[in-house]
Structures are given as C-alpha cells and as structure tokens.
Amino acid sequence: GTGGSLAAFLAQGGKDVSLIARGAHLEAIRRNGLVLESRHGTFAIPVEAEDAEHCSCRPDVILLCVKGYSLADTVPFLRKAAGMDTVVIPVLNIYGTGRALQAELPELLVTDGCIYISANRIAPGVIQKHGAICRIVYGLPSHKTDHPVLQQVETDLKNAGIDPVYSPYVERDTLLKFAYVSPNAACGQYYHAKAAEMQHPGEVRDSFVRLMKEVVALADKMGIPLESRPGELVERNLRILDALAPTASTSMQRDMEAGKQSEVDGLIYQVVRLAEQYGVDVPEYRKIAEAVKK
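To start, this report covers the structure provided alongside it. The model shown is predicted, which means the values in this text are computed figures rather than measured ones.

Here we come to the layout of surface pockets. There is about 210 Å³ of room inside the second largest pocket. If you go around the second largest pocket, you meet 15 residues; those closest to its centre are Gly68, Tyr69, Ile94, Asp265 and Gly266. Within the residue set of the lining of the second largest pocket, elements represented by two or more residues are helix H4 (97–104) and helix H11 (264–278). By residue number, the principal contributor to the lining of the second largest pocket is H11, which donates four residues. Residues belonging to the lining of the second largest pocket are distributed by class as follows: six nonpolar, six polar and three charged.

Structure below.
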C-alpha cells in the first residue's frame, strides 16, 4: 500500500520510477499498470515493475516500504541495485530501522524515516488509498539538512503531491509516529478491538493511554523528549484516534488475526527490550507482550 501509493504519485508527477514487486502483484502491474483508487477517482498508471532478482535499474533513491520483518531480506537487493551515490530512505512502522540498515550497508547513505498514510493492496496491482494524508518524514542523525540529493527528494515529492518533511530532528519525529502506531497496535491486538472500542471511555481507551505514557517515559530516558508539556502527546494521539473510521484497525492486528507474519516484534516486543535497556518500567507493555506471546 505504501510503496504503490508513492510510486503512483511520483509516476503521475513525471518522475522516473521503478517498482519492485513479486508474484501476482508484479504480473498485474506489468499487464494493467498500477491501479490507484483514491478520493480523486480510480486511475491506471503506467509504471515500470521488476522483481528483486532481475532488477536492472540503478536508482538515485530507493524508498524502502516493506514490513519490518522483511527488512533483513532487502539487504542483498539493496547491495545489488544501489550505486555508490544511491540514497536509501526507509519508511517503515518500526522505530530505528534506518540505523539498523545503515550498519548493514556502511557503503551507502541510509536515512531514518517514516510515513503518514492509510493505504492497502486490495487486489493484485490495485492499491486503495484512504483519506488525504500522504506525508514522508526523513532525515539524518547528523541533524543536517543540506544533502543535495535529499534536498532534491524534498522537491520531487512536493511536486508529486506528497508532503515531505526533511527533518533536522528525525529521531524525535520517527519516535513520535511510533508513539501512536505501537500503542494502537498493542492495545488493538490485546483487546481484539477496532477503533470504535478505543474511541469511547473505558478500559480499552485507558490501556491505550497507559501505553502511550510508557513510550513517553521511555523516550525521555532515551534523551528524545516527545512533549513540551505533560500530556501533550496523549492529547494529540487521542485526536488522531477519534478521527478514524470506527472499523479501522492496524495492519499488525489484521495480519495476526489472519495467521500471517506480522510486525509484532518491532511494535511490541522491541518496546519491552528498550525499556529493559534503559531501566524504564513498562507494566502495560509487559502485560500485553506476555499475553500476545502465549
């Protein structure tokens, strides 16, 4: 959903784009173009698509849009496809993926990053994008914003109708998004709840709040404060939650309920590991992690 939406926007904006896909999804894109359903209508967009094994492109920029559990599997492709000056921008749900990937690919420049978008694949070659938001946040741990390729990325994204944030404080910005995504996934999975159950006062909403407060405490101990005043993040994230469709749920929750591989390690267990590393008490996360493991 993420990669398809970005490719559609960029291709419609006249950029030279190649999609990496596989199976029926790849064949459908080659046959019919990439079909994007959005509030603006349904469009079939011609875009080049290849599989990772036979990719012949040599991109200036690779937008990495896989699930967290597939991150390690992308490394051989990245080594093969990237040139010496290629920049890799990961836009995953999991916090810290850019630094983990940079350690595997010291010869390349890897940013940190995240994305705000609601989109999913509804059929081979067909992406459905919900709502208006499409924002990419990316940046470097050096806090510099003068890299010429990353500046050009900002311009290209903006010209394609995507909202780019070339951030000087990307550690905070990516953790800020994680502080919504992770509690939402953990709470939804533990209670088998959709947004509706979390939008009304009660135990489910209270759990969501406790989880957010634990991430805030962890971020403070990590030296990445997320609030300028107490309760700011909780208020912000509750507004986001309350604006969702009542039937909304997280992709991790849907994957787990379908018996598929999921991002549970990066979204739930990783918080418990970081809390142990930094000496922070996270009883709500521990309770949910133990229950989900069972």
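In this section: the nonpolar core. If you look at the biggest cluster of nonpolar residues, it comprises 45 residues, and the most contacted ones within it are Phe208, Leu267, Ile268 and Tyr285. Secondary-structure elements contributing two or more residues to this core are helix H6 (170–191), helix H7 (195–198), helix H8 (203–221), helix H9 (232–242), H11 and helix H12 (283–293). Of all hydrophobic cores here, the second largest spans 31 residues; its members include Cys134, Leu150, Val153 and Tyr166.

In this approach the atoms are scanned with a rolling probe the size of a water molecule, which exposes any empty space left behind. The final tally for this structure, using the stated rule, is one cavity of 30 Å³ or more. Looking at the largest cavity, its volume works out to about 60 Å³. The set of elements that each furnish at least two residues to the lining of the largest cavity consists of H6, H8 and H11.

Take the sheet that holds strand E5 (residues 61–64) next. Sheet architecture is open: three strands sit in the order E5-E6-E7, paired in parallel fashion. Lying at the two open borders of the sheet, with one neighbouring strand each, are E5 and strand E7 (109–110). In this structure, strand E6 (residues 87–90) lies alongside E7, joined through two bridges in parallel fashion. Residue pairing for E7: valine 88 is matched across the bridge by valine 110. Against the sheet, helix H5 (residues 148–159) makes contact with E5 and E6, and its axis sits at roughly 50 degrees relative to E6, the strand it touches most.

The subject of this paragraph is H11. For H11, which comprises 15 residues, the first-to-last C-alpha distance of 21 Å matches the rise-based estimate of 21 Å (1.5 Å per residue) to within 8%. Its axis deflected by about 40 degrees at glutamine 270, H11 carries its strongest bend there. Residues of H11 that are buried: Val264, Gly266, Leu267, Ile268, Tyr269, Val271, Val272, Leu274 and Ala275. Summarising the contacts, the buried residues of H11 are in contact with H6, H8, helix H10 (251–257) and H12.

The rules we used
- Residues numbered from 1 in each chain as written.
- Predicted model: local features only at pLDDT ≥ 70, side-chain atom pairs only at ≥ 80, totals over all residues.
- Heavy atoms only, no water.
- 1 Å grid on protein atoms, 1.4 Å probe; cavity = no way out; pocket = protein on both sides within 12 Å on 5 of 7 lines; lining within 4 Å.
- Points joined across faces, edges and corners; volume = space filled by probe spheres on them.
- Helix = DSSP H or I, 4+ residues; strand = E, 2+ residues; numbered from the N terminus.
- Nonpolar A, V, L, I, M, F, W, Y, C, P; charged D, E, K, R; others polar.
- Core = buried A, V, L, I, M, F, W, Y, C linked by side-chain atoms within 4.5 Å.
- Buried < 20%, exposed > 50% of the residue type's maximum accessible area, 1.4 Å probe, protein only.
- Pairing = 2+ DSSP bridges.
- Contact = heavy atoms within 4.5 Å.
- Axes fitted to C-alpha atoms, helices over the stretch in contact; angles between N-to-C directions.
- Expected span 1.5 Å × (residues − 1).
- Bend = angle between axes of the 7 residues up to and from the residue.

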